[in-house]
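As a plain string of letters, each chain reads:
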Amino acid sequence: MANTPDDRKYADSHEWAFLEDDGTIRVGISDHAQELLGDLVFVELPEVGRTVGKGDECSVVESVKAASDIYSPVSGEIIAVNDSLEDEPELINQAAYDEGWIFVIQPVDESELDELLDNDAYLGSIEE
Amino acid sequence: MPFIPHSKLDTEQMLSTIGVDSIDDLFDEIPLSLRCNELNKIPQGLSEMEVTRLMRERASQDGRPLCFLGAGAYEHHIPAAVWELTTRGEFYSAYTPYQAEASQGTLQLLYEYQSMMASLMSMDVSNASLYDGSSALAEAVLMAVRANRQSKSKKILLPSTINPVYRQVTHAIVKNQGIELVEVPFDPVTGKTDQSALRQYSAEDFAALVIPQPNFFGVLEDVDVLTQWATSNKMLSIAVVNPMAMALLKPPGEWGEAGVDIVCGEGQPLGAPLASGGPYFGFMCCQQKHVRQMPGRIIGRTTDLDGKEGFTLTLQAREQHIRRSKATSNICTNQGLLVTAATIYMSLLGPEGLKKVALNSHKNTQLLVQRLEQIKGVKRVFSGSNFHECVLVLEADVEKIIASLAKDHHILAGLELSKYYPNLTNSLLVCATETRTEQDIEHFAVTLEKLL
């Protein structure tokens, strides 16, 4: 069974969104998504300071067999990116929910999180 | 690769596997208004016999003129072995095979091609070619806009000394992606890009500066200064070069302090004969740091599971067979056959041979210009140094003279430029490659003199 922690929300497009104590939202891709993609070889990070809308393409993860867009799960401003991924994209394969985070967003409206799936719903969607 | 057509049953099974009713449904994402449906303007088919006759008649109209015309495509001597080898059955395919790794010979050839081009340009990486020189520039512009993340603008500085056809093609390809090409004028005395005009743009945000070498007038640009100017203004630099000239001149990887970011151009001088518009091929090289934004195929050398050397397509996750409409490029193809010829051509000549061709072309052009300048009413227009082309101005109706030389004397005199540069009336862009002899030049000069 796929690993989906219950402390965060998920998008249909396989991103996770974790609400930090300071109100920012950390974003990455699910363990299920990294498994589908296979060994990641490159991550194109978004620019810090960029404003994105919910569902906007803002990053690309590339494996040996595919390159997939990462969509922002909420609207807001990108305030940090995981620079470690530039040299170690495999962090996403190794720890999709921790060291493999991709960017942090300052949300415009925190309640957009409610529109995302909880872990059970996400799990249901990928097991269909 | 065998040609095995799908049967109706195959097609139905494939459609049902992916859950689609008809082949037309696969094209749903193209709006109906953009579909041409039927090709109404295509005439009825002809039989092989009829086509052969038609083509033979057309070909005979071409004749065998004495060529002093360049302007983007150049007549160089092509050793007989080049096309003898290129048209062998093993190589004779226009494309990289779709089951690429099954064709190790083709992949190795493309790998060798990439190595030679990267070496000639002094750049880190080359792709396995693009469609032609003009679309290669368009691809380079798109690539620069993607790669320059410091720039928020989608504006490109494009000198007016670039081949005007390249400008038109590039504009056609990039305009609908919101990219603006801003023209930089040339200095009317030297024929080089006007640096004082360029400096006016220092404060503005541009993604890249395009630098031709030699430029469309055959004049050598101040490439070090231009490259450095681009870098210090946070722009990427795109070199558009004649590959033959790079055997003689400083290659783009060494321009300025750190070299240019992207190099592109027309590969025709390397082994492709002059033909009415092609097929030729485009090339592109870049610095390692930009490689993931480079369109087109790249072949890598690797070892297989048994430790044996093998060649493979690499960095293909962003290509259209995987990314479809989101691919790095959807217009890029490679010109496998022309690249095969170029690789064999470069192998046969080697660096010294290429340099000789370039040097002799340069020398012959100097001879040609000196000789023509002795004719009353013929003057050189620009003071800048030349590679193997030069702009002259004639005290006569140049269009008429070109027509008369072609029709009555079988001489292609060159290109009149006022169609592209209204200020250059009665101008003539001439070229003499290594294939022109002193006698050819004398014959041209004497014939021209009689018409003036």
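Residues numbered from 1 in each chain as written. Chains lettered and ligands numbered in written order. Predicted model: local features only at pLDDT ≥ 70, side-chain atom pairs only at ≥ 80, totals over all residues.

Observations concerning the overall build of chain B
Secondary structure summary: chain B contains twelve helices and 14 strands in total. The C-alpha radius of gyration of chain B comes to 24 Å, within 12% of the 22 Å expected for a compact globule of 452 residues. With respect to the principal axes defined by its C-alpha atoms, chain B has extents near 75 × 60 × 55 Å. Relative to its full complement of 452 residues, chain B shows a buried share of 44%. In chain B, once contacts between residues fewer than 6 apart in sequence are set aside, the share between residues at least 24 apart is 75%. (Helix = DSSP H or I, 4+ residues; strand = E, 2+ residues; numbered from the N terminus. Rg over C-alpha atoms; globule rule 2.2 N^0.38 Å. Buried ≥ 20, exposed ≤ 12 C-beta atoms within 10 Å, placed from the backbone. Contact = placed C-beta atoms within 7 Å.)

Comments concerning the overall build of chain A
When helices and strands are counted, chain A shows four helices and nine strands. In terms of C-alpha radius of gyration, chain A reaches 13 Å, essentially the compact-globule figure of 14 Å for 128 residues. Across its three principal directions, the C-alpha atoms of chain A cover 35 × 35 × 25 Å. Here chain A, with 128 residues, has 40% of them falling under the buried criterion. When contacts within chain A are restricted to residue pairs at least 6 apart in sequence, those whose partners lie at least 24 apart make up 63%.

Things to note about helix H5 (residues 133–147) of chain B
Given 3.6 residues per helical turn, the α-helix brings residues three or four places apart onto the same face. If you check H5 of chain B, its first and last C-alpha atoms are 20 Å apart, about what 15 residues at 1.5 Å a residue would give, namely 21 Å. With 14 of 15 residues buried, H5 of chain B lies mostly within the body of the structure. (Expected span 1.5 Å × (residues − 1).)

A word on the sheet that holds strand S1 (residues 9–10) of chain A
On the basis of which strands lie adjacent, the open sheet formed by six strands has the order S1-S2-S3-S9-S8-S5 (chain A) and antiparallel pairing. The outermost strands of the open sheet, each flanked by one partner alone, are S1 and strand S5 (51–52) of chain A. (Pairing = 2+ DSSP bridges.)

Looking at the sheet that holds strand S12 (residues 389–394) of chain B
Hydrogen bonds between backbone groups are what pair the strands of a sheet, and the pairing can be parallel or antiparallel. Residue and element names in this part refer to chain B. Strands sit in the order S11-S12-S14 across an open sheet of three strands; the sheet is antiparallel. Every interior strand has two partners, whereas the edge strands, strand S11 (378–380) and strand S14 (427–431), have only one. Here the average twist between neighbouring strands, direction ignored, is 35°. For S12 and S14, the ladder comprises five bridges, and the chain directions are antiparallel. Bridge pairing links Val-391 to Leu-429 in S14. Its contacts with the sheet place helix H10 (residues 336–373) against S11, S12 and S14, and it is angled at close to 135° to S11. (Axes fitted to C-alpha atoms, helices over the stretch in contact; angles between N-to-C directions.)

Section: the environment of Phe-283 of chain B
All names here are of chain B. Within the secondary structure, Phe-283 sits in strand S8 (residues 282–286). Separated by 155 residues in sequence, Phe-283 and Ala-128 have C-alpha atoms that sit 7.5 Å apart. Contacts of Phe-283, omitting those with residues within four sequence positions, involve Met-117, Ser-126, Ser-129, Leu-130, Ala-136, Pro-243, Cys-264, Gly-265 and Gly-267.

Details of helix H2 (residues 48–62) of chain B
Residue and element names in this part refer to chain B. With 15 residues, H2 ought to run about 21 Å at 1.5 Å a step, and its terminal C-alpha atoms sit 21 Å apart, in line with that. When you tally the buried positions in H2, you get zero out of 15 residues, a small fraction of the element. Directly after H2, the chain includes Gly-63, whose backbone phi takes a positive value near 65°.

As for the packing of helix H4 (residues 104–121) of chain B against H10 of chain B
Residues and elements named next belong to chain B. With their axes 9 Å apart at the nearest point, H4 and H10 run at an angle of 60° to one another. With respect to each other, H4 and H10 are oriented oblique. For H4 against H10, the interelement crossing comes out left-handed. In this structure, H4 contributes Thr-106, Leu-109, Leu-110, Glu-112, Tyr-113 and Met-116 to the contact, and H10 contributes Gly-336, Val-339, Thr-340, Ala-342, Thr-343 and Met-346. Class assignment for the residues of the contact of H4 with H10 results in seven nonpolar, four polar and one charged. (Parallel < 35°, antiparallel > 145°, perpendicular 65-115°, else oblique. Left-handed = near helix turned anticlockwise from the far one by under 90°. Nonpolar A, V, L, I, M, F, W, Y, C, P; charged D, E, K, R; others polar.)

Considering the nonpolar core
One finds Ala-144, Ile-238, Ile-262 and Met-284 of chain B to be the most contacted residues of the largest nonpolar core, which totals 119 residues. A total of 14 residues in this core trace back to one element, the largest contributor, which is H10 of chain B. Mapped onto the domain boundaries, this core takes at least three residues apiece from domain 1 (81–344) and domain 2 (351–451) of chain B. If you look at the next biggest cluster of nonpolar residues, it comprises 29 residues, including Val-27, Cys-58, Ile-78 and Leu-91 of chain A. (Core = buried A, V, L, I, M, F, W, Y, C linked by C-beta atoms within 7 Å. Domains from an automatic or database assignment.)

Looking at the packing of H10 of chain B against helix H12 (residues 438–451) of chain B
Residue and element names in this part refer to chain B. The N-to-C vectors of H10 and H12 enclose an angle of 25°; their axes lie 10 Å apart at closest approach. With respect to H12, the axis of H10 lies roughly parallel. As H10 runs across H12, the sense of the crossing is right-handed. Contacts from Leu-367, Leu-368, Arg-371 and Leu-372 in H10 reach Glu-438, Ile-441, Ala-445 and Leu-448 in H12.

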